[in-house]
Amino acid sequence: MGLLDRITGPRDLRDLDEDQLAQLAFEIRDFLVAKVSRTGGHLGPNLGVVELTMAIHRVFDSPTDRVVFDTGHQAYVHKLLTGRAAGFDSLRQEGGLSGYPSRAESDHDVVENSHASTALSYADGLAKAYAIRGEDRYVVAVVGDGALTGGMAWEALNNIAENHDRKLVIVVNDNGRSYTPTVGGLANHLTTLRTNPRYEQVLDLVKKRLNGVRGVGPAVYDTLHAVKKGMKDALAPQGLFEDLGLKYVGPVDGHDRAAVEIALVQAQRFDGPVIVHVMTKKGFGYDAAERHEADQFHSPGPFNVETGEENPKGQIWTDIFADEMATLGGERKDLVAITAAMLHPVGLHLFAARYPERTFDVGIAEQHATTSAAGLAMGGLHPVVAVYATFLNRAFDQVLMDVALHRCGVTFVLDRAGVTGDDGASHNGMWDMSILQVVPGLRIAAPRDGARLRELLREAVRVPDAPTVVRFPKGPPIADVEAVDRAGGCDVLVRSGAKDVLLVGIGSMAAVSVEVAGRLRAQGIGVTVVDPRWVKPVDPALVDLARDHRLLVSVEDNGIVGGCGAVLLQTLNEARVDTPVRLKGIPQRFLDHAKRTKILEDCGLTDKAIARGIVEDVTALDHGATLVNVE
Ligand SMILES: Cc1ncc(C[n+]2csc(CCOP(=O)(O)OP(=O)(O)O)c2C)c(N)n1
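Residues numbered from 1 in each chain as written. Predicted model: local features only at pLDDT ≥ 70, side-chain atom pairs only at ≥ 80, totals over all residues. Heavy atoms only, no water.

**Q** Explanation requested: the sheet that holds strand β18 (residues 581-586) in the structure shown.
**A** Sheets are built from strands paired through backbone hydrogen bonds, the pairs being either parallel or antiparallel. Pairing within the open sheet is mixed, and its six strands lie in the order β12-β13-β15-β14-β17-β18. A strand with exactly one partner marks an edge of an open sheet, and here the two such strands are β12 (485-487) and β18. The mean inter-strand angle of the sheet, taken between neighbouring strand axes irrespective of direction, is 25°. Here helix α21 (residues 540-548) sits on the sheet and contacts β12, β13 (490-496), β14 (501-505), β15 (527-531) and β17 (551-559); the angle it forms with β14, its principal contact strand, is near 155°. Sitting on the sheet, helix α24 (residues 607-622) is in contact with β14, β17 and β18, with an inclination near 155° to β17. (Pairing = 2+ DSSP bridges. Helix = DSSP H or I, 4+ residues; strand = E, 2+ residues; numbered from the N terminus. Axes fitted to C-alpha atoms, helices over the stretch in contact; angles between N-to-C directions. Contact = heavy atoms within 4.5 Å.)

Printed below as a string of structure tokens:
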């Protein structure tokens, strides 16, 4: 039985001696590599915070003290130290452990929103609440240098610095990387110290001297820290924080657990907001991760532990976008690309390799990305902002007021739209086609397959005077589905028998709709399947088609409220078309993590479930029933 098996909660850590703590850190890394190699998940970030998380849980008393992890992808070690090791076989699986903190799992988890740069705001609020309620509790926020590039983090710091009596400790986990190296002035500032040779030399010297002393204990670590502090003052990298009015401790070697503990105890003693600057290495302790150029195993799929090789994924939607975008870059010198710290995940790396001067990584800053894109458009370029669909939510006002109001030609490419699954509620991209419906002038394209992705991207970047959106899901695209006809701007995919049912299949749901058509045909029901391609604005051809059919069914992998189906229904009402309409989409609730296919099944978004409902409706119509639009 290993030490890890004996950890049922943070308090168990306090009884361990130095050797045991070192052994535990070793076991945790071994455990994480073994488990994540089977399920996939956030490995690099967690390998980097093993000692840091142990130190936090030894110094602070969670859950009385609250530990808030920014983004939450680095909370696996925290899960292990709060008694959840047994759940790791089912990490990110349906009914199993969440890949992020989860309040349903543990009292030790506070925040489960995996959108970055929020921890300091949550911590600010918690600390204010405890102060007002007279509760003596610390709030510890753990924030990466990547998350610190998000504007919200600075809005929070601005407030936090104002109140000197709040028990708030901000641990900056500085590994120099988001996925790729963190960019920007702040990142450069943090790097100044990390890479300063004077600092390294003095630190080595001090360490050597101290190692020569018998019985090195906390007092000596204090000395070490004092020396660091003196030297640090000389180099003045902490000025930024201290000028804001925040106390600053560090920088500390985040893999030296004892040193981190001393820094945290010091921070605790201030009884006011303090920054503890901890330097770690992403992927630390697993060679394959440390050497991994692209992202140090930020979030690999299942992989081989010995070789570090990921299981082959096959082509995904992102690859097609990456390829077409790089090609377009050669044809259009005015095309520029913007990523919010996710160059590879959103597929801008090929474009960036060919046109680095036209590629901008703005940090985890979707709002700024959007308004900066407006500026680029005003300056005569056509920006393509590539983000995961769920993260565009951040920038809604910027899309509305900064881009659309100014009629800027900006193309937003939304990857991971629809159900993403494994990463849980906050990663599903099920909101975009609802929130963007309200933006005047904005056009949304939902390609059904790879060929349409290329085609619609090209159409989108040709729009010079309005925002355009191209959204596509996670995973591999289906084989291309060729149209049999065109109606307005819509592709007709199936036209069979009488005009009983008009199926409007949106994006990846077009292929599902073709399957549905096969089932309906087998039942003698006539069916037309159309893919609108551009789902906003509503194509007038859809209104005409709807008028000609007995039943209209729209299918989309977006929230049902305010989505494409809802807007289509509204449009038909306005046009006085009384064809009954059935809306198929994602129920408007937060979805637990599970495989994408399983979630779609649970939402009734399979050919079988959709066909069953339609057969019932058509049968009712055949018997003279009047269908009411209730969904
Ligand atoms: C608003 C938002 N945009 C993008 C992401 C995707 N994302 C997840 S982790 C991450 C990098 C985080 O870097 P950092 O905070 O330094 O943590 P590290 O992984 O380096 O420990 C990004 C960009 C996100 N979670 N939230």
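**Q** Would you mind showing me how to read the sheet that holds strand β6 (residues 335-339) here?
**A** If you walk across this open sheet you meet the seven strands as β7-β6-β8-β9-β11-β10-β16, and the pairing is mixed. With partners counted over all chains shown, the strands left at the sheet margins are β7 (359-361) and β16 (534-536), one partner each. Between one strand axis and the next, the sheet turns through 25° on average, direction left out of account. With two bridges connecting them, strand β10 (residues 443-445) and β16 associate as antiparallel partners. Looking across to β16, one finds that I444 is bridged to K536.

**Q** Even after reading the chapter, I still don't get the pairing of strand β8 (residues 382-388), so can you show me in this structure?
**A** Two faces make up the sheet, and in a regular strand the side chains alternate between them. Burial runs high along β8: seven of the seven residues are buried. Here β8 shows no split at all, with H382, V384, A386 and Y388 on one side and P383, V385 and V387 on the other all buried. The sheet contact formed by β6 and β8 spans five bridges and is parallel. Bridging from a neighbouring strand, I338 pairs with V385 of β8. Note: β8 against strand β9 (residues 411-415), five bridges, orientation parallel. Each residue of the ladder has a partner; that of V387, found in β9, is L414. (Buried < 20%, exposed > 50% of the residue type's maximum accessible area, 1.4 Å probe, protein only.)

**Q** Honestly, the pairing of strand β11 (residues 468-471) in this entry has me stumped. Any pointers?
**A** Side chains of β11 alternate between two faces, with T468 and V470 and V469 and R471 buried alike. Of the strand pairs in this sheet, β9 and β11 are connected by four bridges, and their pairing is parallel. By the bridge assignment, F412 is partnered in β11 with V469. The β-α-β motif built from β10, the intervening helix α19 (residues 450-461) and the parallel element β11 has right-handed crossover chirality. (Right-handed = clockwise from strand over helix to strand, strands pointing away.)

**Q** Is there a simple way to explain α24 in this structure?
**A** For an α-helix the count is 3.6 residues per turn, leaving residues at separations of three or four pointing the same way. In a regular helix each residue adds 1.5 Å, so 16 residues correspond to 22 Å; α24 covers 22 Å between its end C-alpha atoms and thus fits that length. Looking only at α24, the buried set comprises D607, I610, A611, I614, D617, V618 and L621. Angular distribution of buried residues about the axis of α24 spans 130°; they occupy a single face of the element. Elements that come into contact with the buried residues of α24 comprise β14, α20 (509-522), β17 and β18. G624, located one to two residues past α24, shows a positive phi value of around 85°. (Expected span 1.5 Å × (residues − 1). Arc of directions from axis to C-beta.)

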